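Architecture and fold: a report
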Amino acid sequence: MICNEETKISAVIFDLDGTLLDTESATRGVLNGFLAKYGKELDKEKEEKKRVGMTQQESVAVILKDYQLPLTPEQFITEITPLYRERWTEAKALPGANRLINHLKKNGVPMALASNSLRENIDVKISHHNGWKESFSVILGSDQVKSGKPSPYLFEEAAKKMGVDASNCLVIEDSLVGVKAANAAKMKVVAVPSRAEADCYLLADTVLHSLLEFQPELWGLPPFDDWIDNTLPIEPIHVSGVYVNGALHESTENGTVPLPGQVFGLFFGWGKVHTDRNFKVLVSIHLDHLSHVANKRIINICFIDPNSDHTYEQQRMQIHLVGYTRAFDNKEVTSKELEKLEEYKSIARASLDLPSFTYSF
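Conventions we followed
Residues numbered from 1 in each chain as written. Predicted model: local features only at pLDDT ≥ 70, side-chain atom pairs only at ≥ 80, totals over all residues. Heavy atoms only, no water. Pairing = 2+ DSSP bridges. Helix = DSSP H or I, 4+ residues; strand = E, 2+ residues; numbered from the N terminus. Buried < 20%, exposed > 50% of the residue type's maximum accessible area, 1.4 Å probe, protein only. Arc of directions from axis to C-beta. Contact = heavy atoms within 4.5 Å. Axes fitted to C-alpha atoms, helices over the stretch in contact; angles between N-to-C directions. Parallel < 35°, antiparallel > 145°, perpendicular 65-115°, else oblique. Nonpolar A, V, L, I, M, F, W, Y, C, P; charged D, E, K, R; others polar.

1. Observations concerning the pairing of strand E8 (residues 247–250)
As paired elements, strand E7 (residues 232–244) and E8 share 4 bridges and run antiparallel to each other. If you follow Tyr 243 over to E8, its bridge partner there is Leu 248. Counted between consecutive antiparallel strands, the loop separating E7 from E8 contains 2 residues, among which Asn 245 sits at a positive phi close to 50 degrees.

Below is the structure:
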C-alpha cells in the first residue's frame, strides 16, 4: 500500500513484545518451570494459542483458569514476575528493529512505544538496548490508560502526547489485538505477525514477514540508505542444526535460541562444522506448505564455495547470517527464482568479501 498526501505519516507508534523485542524466546521455559512447582504440566496445545498482546491481568486470568492454580492473581504475579524479569534483560532485538529505530531517529521522525505491558516492565525490557529509551518521545504501558489493547486508548494517548493527529500516525504491531486497537484509533497499521497470528492479514493495511521488509518511502517517510549493491548488512542471526539433503533441521540443543518467528527471506552468511574453516552460504527461509506441522519453516542451504554440499551431510552445522537480499512471498521458491540462484550466489559471494559482512565464530 502506498501512502497518499491526505494521510501522510508523520509519526510512528511501535508495540514492544514480538514487534521490536524477542521476549518470547528469552522467557521460554519460565512458565513451564513455575507450573512444575504446583504439579502442573505445560499444555503445548494451549500455548500454541498464545496470549499474544493481552494485558498482564488478562493473561494471568487465562493461566489461572487453564491450569487451575491455587493462587490469586496477585499471588501469581508476585511469584512469577521476578522469574520473568531475570530473562527480560536477555531479550534480543528482532531483525530490523534497531535499524528502523535508528533510521527514524536520524531523520527526526517522532516515535512512541505503546505496549500492553505494565510501564515498569517496559522499562526493564528496554533497559539493555542502547539508545532505545532516548529514541521514544513517548513510552506508555497499559496501566497508564483506561484500558489496554484492543481498545484504542494507548495509541490515542501516544498520538496526543506527540502532538500528532491519529490519521498521521503509523502503528507497527505483531498481534491481532494490537491491529484491532490501531483500527479503533483510526490509524494506519503495519502488521509483522508471529506465525500464530495469521488473522492480522485481514485487518492490517500491510503485512510483513519481518521489519527488514519495511519500506519507509511507501508511507511518505525517508527511505533507507544502507543497502550495498542490492544487499543489506544485518545484525548477525544465529541458527544451528543438522544438515540433511540441502536443508538445515533446526535444533535448540545446548541452550541455542531458535530463530524468531519473523525470520523469512533470502539471506547469506557464514557456516561452520566442527573445527573446519568457515564457508560461505546462501540461505532461503520460507514456509513448508507441504508439512502437516503448522507454520513449519524450511531452511535451505546453498553452498557458495564449490564441492561443499556432500561433505557436510548429516553433520551439525552453525550458520551466522550477516546479510539480507530479498523477501519471499511465503510461497514455494518458483522455478524462475531457482534460475536466478547463480545470480544470488554471485551477489552473496562478492558481498561476503566486503568488511561489512565479515563474522568471526
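Following the structure, the description resumes.
2. Some remarks on helix H9 (residues 153–162)
All of the buried residues along H9 are Leu 154, Phe 155, Ala 158, Ala 159 and Met 162. Here the buried residues of H9 occupy an arc of 130 degrees about the axis, which is enough to place them on one side. As for H9, its buried residues are in contact with strand E1 (11–14), strand E2 (111–114), strand E3 (138–140), strand E4 (169–173) and helix H10 (176–184). Positioned one or two residues after H9, Gly 163 has a phi angle of 75 degrees, which is positive.

3. Details of the packing of helix H4 (residues 56–67) against helix H5 (residues 73–88)
Two numbers describe how H4 lies on H5: the axes approach to 10 Å, and their chain directions differ by 100 degrees. In terms of axis orientation, H4 runs roughly perpendicular to H5. Contacts between H4 and H5 involve Gln 56, Val 60, Ile 63 and Leu 64 from the first element and Pro 73, Phe 76, Ile 77 and Thr 81 from the second. When the residues that make up the contact of H4 with H5 are grouped by side-chain class, the tally is 6 nonpolar, 2 polar and no charged.

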